[in-house]
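What the coordinates show
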Amino acid sequence: MRVSRNWLNNYVALGLTDSELAERLTMAGLEVESFESQADNLTGIVVGEVRSVESHPNARKLTVCRVFDGKRETQVVCGAPNVAAGLKIAFAPEGISVRRNQHDPEGGPLTIGRVSLRGIESAGMICSGYELGISDDREGILILDTNAIPGVPLSRELGMDDTLFEIGVTANRPDLLSHIGVAREISANTGKPLKLPRIRVPEGKREVGKALSVRVIDTINCPRYSARVVENVRVEPSPGWLRDSLTSVGIRPVNNVVDITNYVLMEIGQPLHAFDYDRLAGNAIIVRGGGGEKSFVTLDGKRREVREDTLLICDGGGPVALAGVMGGLNSEISARTTSIVIESAYFNPVNIRRTSKRLGLSTEASQRFERGADPNITAWALDRAAQLLSEVAGGTVLRGRIDVYPKKIRETRITFNVKNSNKLLGITLRKTEVSTLFNRIGIKKIVQQKSGGTIYSVPTWRPDITREVDLVEEAARLYGYEKIGTAGEIRLNLGEHAPAVDVADLIRDYLSSSGFREIVTNSMSDRETASHPEAIPVILANPISLDMTALRTSLLQGLLTTIRHNLFHGIDSSRFYEIGSVFRMNPSGDPEIISGYFEEERLCLAMYGLESPGHWEDKPKKVTIFTLKGEANALFRKISLDNSRYIPYSTPTALSERSIFIEIKGERVGSLGLVSSALLKRYDIDTEVFFLDLALDKLRKSGSTALTFRPYSRFPVVRRDLAVIVNESVTIGQIEDAIRAVAGPMLREIILFDIYRGEQAGAGKKSCAFSLEWVSENRTLEQQDILELMGGVTEKLESSLGAVLRQ
């Protein structure tokens with residue numbers, strides 16, 4: 001929404017600089033996206049008088065002019081065909097910049113210099129409207145009023161000493177799509193009174209009801225329709241003040257009748273439409289749906305499709321306008337028009353929005369109607385337009401107005417409790433202060449309730465206020481967001497008992513956020529797929545097909561099927577998981593559901609391809625078994641499992657070639673490893689696939705979903721490095737277990753940062769370097785403490801693993 005500062009001054013005394021006004025509006029919730037002073041674009045350009053014009057001796061299309069700028073005469077070479085002696089023109093002296101260069105395809109600015117054109121010196125420019133950036137006319141120079149005084153700044157002469165504000169209006173504030181609406185907000189913010197125009201409509205003797213009839217058939221989509229008739233109108237160009245007002249906000253002047261409807265639109269926000277009275281068949285207006293009509297030609301000359309739910313304005317013969325969107329070509333105002341009908345109505349926002357979107361036709365009128373115009377200002381806007389038509393177009397307004405308003409739309413009443421509002425906002429407003437603030441934007445106090453609440457009446461121009469919380473927001477906005485302080489400390493009360501959360505839900509949340517995609521596969525498969533030496537499949541007594549004769553014994557087969565499908569479709573890297581049940585015969589005495597059968601819920605993850613794709617600074621990294629182990633550790637931390645062990649198993653299993661068994665609190669819960677090449681070959685997969693298979697019920701038993709808080713120690717962490725040489729057969733896990741056994745409860749972390757195999761370590765040996773971190777929760781550790789701890793660790797490694805401390 002573009003707003004003119006000069007226009008706003010008609011309704012409220014601003015008394016603020018442009019920057020201050022922009023700041024006030026933005027803090028009040030009307031975001032000022034930008035503002036621009038018109039005078040800035042015309043700086044240094046003045047009214048000039050052409051004293052003489054002579055033909056250029058060396059160029060047929062050029063003339064040599066003498067221009068008086070109020071102080072001196074200057075010689076200017078001009079190529080405009082309409083330049084003549086005695087004209088008052090826009091003159092840009094040497095050194096001044098104009099907004100557009102007529103000879104630049106991009107239309108960039110031009111600084112005027114002293115130049116020689118075909119041998120004649122020129123030291124200024126007689127400007128066109130295009131070069132000044134105030135019109136698109138390139139053909140001739142801008143000619144000013146004959147009464148213009150040479151030397152007067154052009155911005156003052158043109159009434160362009162104005163500032164234009166671009167305001168971002170949200171969809172729920174249709175009241176701000178007008179100058180009076182914005183002025184009302186400024187009035188509320190500054191406390192200065194709002195001044196509305198005084199309306200006096202000089203009416204003739206003839207009654208409007210004898211000249212026009214109005215019938216509203218669709219009262220749902222047109223709750224109110226108001227109209228006036230004005231006779232003896234002279235359709236001609238608008239006076240300067242009206243043209244300038246519209247031009248300042250980006251509306252192209254057409255003629256005085258159309259310009260007045262647009263002026264009232266931008267003034268109060270109520271869309272109006274003018275019909276040529278003599279072109280209305282039967283001197284009638286009928287508001288109805290589009291039943292029986294197929295298409296209609298609008299003012300832009302385009303034929304528009306009409307549907308049954310399209311609201312139409314019709315005369316006695318057919319449609320003359322798409323209600324609330326655009327008028328028709330068959331009733332437009334022309335130079336021959338002498339009598340007009342002015343329409344001022346309220347239409348159902350949903351219907352107008354539907355029509356506008358379907359037709360792809362958005363107008364100034366439709367934008368306001370579809371957001372929710374004010375149903376109770378139609379008569380005011382109608383009278384305002386009639387008054388201006390009488391003054392500008394010399395029309396005679398018929399006595400009275402037609403106003404079809406069968407069911408009045410009342411103001412919303414809302415109970416507001418100032419104590420609750422203060423508690424929510426953290427301020428201390430009194431009831432009288434709230435009433436004063438609300439009154440500034442038209443929200444009136446109706447009655448004070450004994451319960452402490454106050455009933456307020458919300459005007460119909462604020463359709464966004466429907467609940468008490470909306471009034472709380474208005475109280476904060478009017479009081480001033482900048483006055484509401486922020487607390488330096490926030491206190492939270494944490495519940496003693498965390499809500500019950502299933503481990504499976506936590507696992508899904510974590511894995512999905514870590515880049516894994518969940519899949520769900522069929523629990524039935526063919527007998528060959530379900531069979532492997534470690535599990536006896538459950539065979540179905542009545543299978544539905546040969547491909548579904550057995551229940552799955554592992555989730556891995558479903559994951560491999562999905563991986564094959566993705567590889568065949570060009571997906572070279574991915575990660576999947578599935579949570580589901582597996583089944584097998586139960587000869588071992590495991591827990592049973594049905595005698596002889598075993599069912600277990602499991603989690604299975606699979607990864608293949610690249611861990612990271614790489615870029616110019618780093619090489620791509622392939623997924624390894626350690627990638628999957630890291631994901632397993634992160635998953636265990638998510639469900640509060642911190643006592644896990646990984647046990648390498650060198651013998652291949654039915655599903656894997658390299659396996660690592662996983663124990664938690666001494667109980668085996670699953671394994672991770674590399675899928676066997678034989679199994680990958682069966683699925684036509686030619687890349688390594690790593691998998692993790694876990695028993696979900698065992699994770700539920702061992703893990704925890706309750707969140708606990710453990711503060712960081714206030715005392716410093718002590719780090720020491722330790723390097724030992726051990727036999728190649730000694731695992732890293734054995735070394736870490738030995739360290740933890742003697743390092744004490746203050747040991748926070750063990751980090752393996754180097755493994756060396758080579759001549760210095762010896763044949764069959766390896767050097768392993770660790771970083772150990774200790775921290776106490778109640779004191780600073782001293783050097784003697786660390787020496788004792790490191791001594792115990794070294795002695796334990798030497799005695800239990802035959803480690804030799806590396807110097």
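Starting from 1, residues in each chain are numbered consecutively following that chain's sequence as written. For this predicted model, a pLDDT threshold of at least 70 governs which residues receive local features, and a threshold of 80 or more governs which side-chain atom pairs are given and counted, while totals over whole chains, interfaces and linings are taken from all residues. Calculation of side-chain values draws on the structure's entire complement of heavy atoms; hydrogens and water are dropped beforehand.

We now examine the overall build of the protein. A tally of regular secondary structure across the protein gives 21 helices and 43 strands. The size measure is the radius of gyration over C-alpha atoms, and the globule rule it meets is 2.2 Å times the number of residues to the 0.38 power. Taking 807 residues into account, the globule formula puts the C-alpha radius of gyration at 28 Å, and the protein, at 42 Å, lies well above it. Its C-alpha atoms give the protein principal-axis dimensions of about 115 × 75 × 65 Å. For every residue, the accessible area (1.4 Å probe, protein chains only) is compared with the maximum for its type, and the residue is labelled buried under 20%, exposed over 50%, or partly exposed between those bounds. Buried residues in the protein amount to 49% of all 807 residues. In the protein, of all internal contacts separated by at least 6 residues, the share reaching a separation of at least 24 is 68%. Put simply, the protein shows about 41600 Å² of open surface, and 49% of that area lies on carbon and sulfur atoms. Charge separation in the protein, taken as the distance between the mean sites of 100 positive and 102 negative side-chain charges, equals 6 Å. Runs of E in the DSSP output that reach at least two residues are strands. Runs of H or I that reach at least four are helices, and both are numbered from the N terminus. By the convention used here, residues are in contact when the closest approach between their heavy atoms is within 4.5 Å. Each accessible area is a Shrake-Rupley result for a 1.4 Å probe, and residues are judged covered by the shown protein chains and nothing else. When charges are tallied, Lys and Arg are placed among the positive residues and Asp and Glu among the negative ones, while His and the ends of the chain are skipped. Here the site of a charge means NZ on Lys, CZ on Arg, CG on Asp, or CD on Glu.

Turning to the sheet that holds strand S3 (residues 46–55), a few remarks are in order. Strand order in the open sheet formed by five strands is S5-S4-S3-S6-S11, with antiparallel pairing between adjacent strands. Every other strand in the sheet has two partners, leaving strand S5 (73–78) and strand S11 (124–126) as the edge strands with one partner each. On average, each strand axis in the sheet is tilted by 45 degrees relative to the strand beside it, whichever way the strands run. For two strands to count as paired, DSSP must find a minimum of two bridges between them. Relative to strand S4 (residues 63–68), S3 is paired through six bridges, and the arrangement is antiparallel. Bridge pairing in S4 links Ser52 to Arg66. As a rule, the C-alpha atoms of each element are fitted with a line to give its axis, helices using only the stretch in contact, and angles between N-to-C directions run from 0 to 180 degrees.

Quick look at the packing of aromatic side chains now. Here is the rule: rings of Phe, Tyr and Trp (six-membered ring for Trp) pair when centre to centre is within 6.5 Å. Planes less than 30 degrees apart are stacked, more than 60 are edge-to-face, and the remainder are tilted. A full pass over the atoms with the stated rule returns seven aromatic pairs. Note on Trp241 and Tyr263: the rings are 5.5 Å apart at their centroids and 90 degrees apart in plane angle, and the pair reads as edge-to-face. Taken together, the residues span a long stretch of sequence, with Trp241 in helix H6 (residues 240–248) and Tyr263 in helix H7 (residues 256–268) at a distance of 22 residues. By relative accessible area, Trp241 is classed as partly exposed at 40%.

The term nonpolar core refers to a set of buried residues drawn from Ala, Val, Leu, Ile, Met, Phe, Trp, Tyr and Cys, joined through side-chain atoms within 4.5 Å. Counting residues in each nonpolar core, the largest one holds 52 residues, and the members touching the most others are Leu25, Ile167, Val182, Ile186, Val257, Ile340 and Leu389. In this view, Ile167 contacts Met1, Val3, Leu25, Leu30, Glu31, Val32 and Val182; residues no more than four positions away in its chain are not counted. Judged by nonpolar contacts, the second largest core, of 39 residues, contains Val216, Val320, Val325 and Met326.

One can describe the packing of helix H20 (residues 732–743) onto helix H21 (residues 783–801) by two numbers: an axis separation of 9 Å at closest approach and a directional angle of 135 degrees. On the basis of their axis angle, the class for H20 and H21 is oblique. Read as a crossing pair, H20 and H21 show a hand that is right-handed. In this structure, H20 uses Gln734, Ile735, Ala738, Ile739, Ala741, Val742 and Ala743 to contact H21, whose residues at the interface are Leu789, Gly792, Val793, Lys796, Leu797, Ser800 and Leu801. Between 65 and 115 degrees an angle is taken as roughly perpendicular, under 35 as roughly parallel, over 145 as roughly antiparallel, and anywhere else as oblique. Each crossing gets its hand from how the near helix is turned against the far one by less than a right angle, where anticlockwise is left-handed and clockwise is right-handed.

Within a beta sheet, neighbouring strands are joined by backbone hydrogen bonds and run either parallel or antiparallel to one another. Ordered by their spatial adjacency, three strands build an open sheet running S1-S12-S2, and the pairing between neighbours is antiparallel. This sheet does not close on itself; its edge strands, each paired only once, are strand S1 (2–4) and strand S2 (31–37). Here the average twist between neighbouring strands, direction ignored, is 25 degrees. Alignment of S1 against strand S12 (residues 163–168), held across three bridges, turns out to be antiparallel.

Here strand S14 (residues 213–216) shows a clear split, with Val214 and Val216 buried on one side and none of Ser213 and Arg215 buried on the other. With four bridges connecting them, S14 and strand S17 (residues 284–288) associate as parallel partners. By the bridge assignment, Val216 is partnered in S17 with Val287.

At a closest axis distance of 10 Å, the pairing of helix H11 (residues 418–425) and helix H13 (residues 468–479) adopts a crossing angle of 65 degrees. Between H11 and H13 lies a crossing whose hand is right-handed. Residues Ser421, Leu424 and Leu425 of H11 form the contact with H13, whose participating residues are Val472, Ala475 and Ala476. Here the residues of the contact of H11 with H13 are counted per class, giving five nonpolar, one polar and no charged. Three residue categories are used. Nonpolar comprises Ala, Val, Leu, Ile, Met, Phe, Trp, Tyr, Cys and Pro, charged comprises Asp, Glu, Lys and Arg, and polar comprises the others, including Gly.

Our focus in this paragraph is helix H9 (residues 364–371). For H9, the complete set of buried residues consists of Ala365, Ser366, Arg368, Phe369 and Glu370. Buried residues belonging to H9 abut H7, strand S23 (340–346) and helix H8 (349–359). Within two residues after H9, Gly372 carries a phi angle of roughly 115 degrees, on the positive side.

Turning next to a positive patch on the surface. On the surface, Arg24, Lys192, Arg440 and Lys483 cluster together into a positively charged patch. On the accessibility criterion, Arg440 (34% relative accessible area) is partly exposed. Every patch collects residues that have over 30% relative accessible area and no salt bridge, joining them within 9 Å if they carry like charges and within 5 Å if they are nonpolar side chains (Val, Leu, Ile, Met, Phe, Trp, Tyr). We define a salt bridge as a contact between a side-chain nitrogen of Lys or Arg and a carboxyl oxygen of Asp or Glu at a distance within 4 Å.

Take the pairing of strand S21 (residues 319–322) next. Here three bridges tie strand S20 (residues 312–314) to S21, and the two strands are oriented antiparallel to one another. Its bridge partner lying in S21, Ile313 is registered against Ala321. Between S20 and S21, which pair antiparallel one after the other, the connecting turn spans four residues. As judged from the two bridges shared by S21 and strand S22 (residues 326–327), these two strands associate in the antiparallel manner. Residue pairing across strands places Ala321 opposite Gly327, the latter belonging to S22. Here S21 hands over to S22 after three residues, with Gly324 in that stretch at a positive phi of 75 degrees.

So, on to the pattern of salt bridges. Inspection of the entire model under this criterion finds 42 salt bridges. Arg700 serves as the salt-bridge partner of Asp697, at 2.8 Å between the closest nitrogen and oxygen. In this pair, Asp697 and Arg700 both sit in helix H19 (residues 696–702), three residues apart, roughly one turn of the helix. A single network of salt bridges, built from pairs that share partners, joins Arg173, Asp175, Glu185, Arg462, Asp464, Glu474 and Arg477.

Further remarks concern the environment of Gly324. When you line up the elements, Gly324 lands in the loop between S21 and S22. Taking the relative accessible area as the measure of exposure, Gly324 reaches 8% and is therefore buried. Residues Gly324 and Arg353, spaced 29 residues apart in sequence, show a C-alpha to C-alpha distance of 9.4 Å. Discounting residues that sit within four places of it in the chain, Gly324 has contacts with Phe347, Ile352, Thr363, Ala365, Ser366 and Phe369.

Geometric values such as these leave the question of function open.
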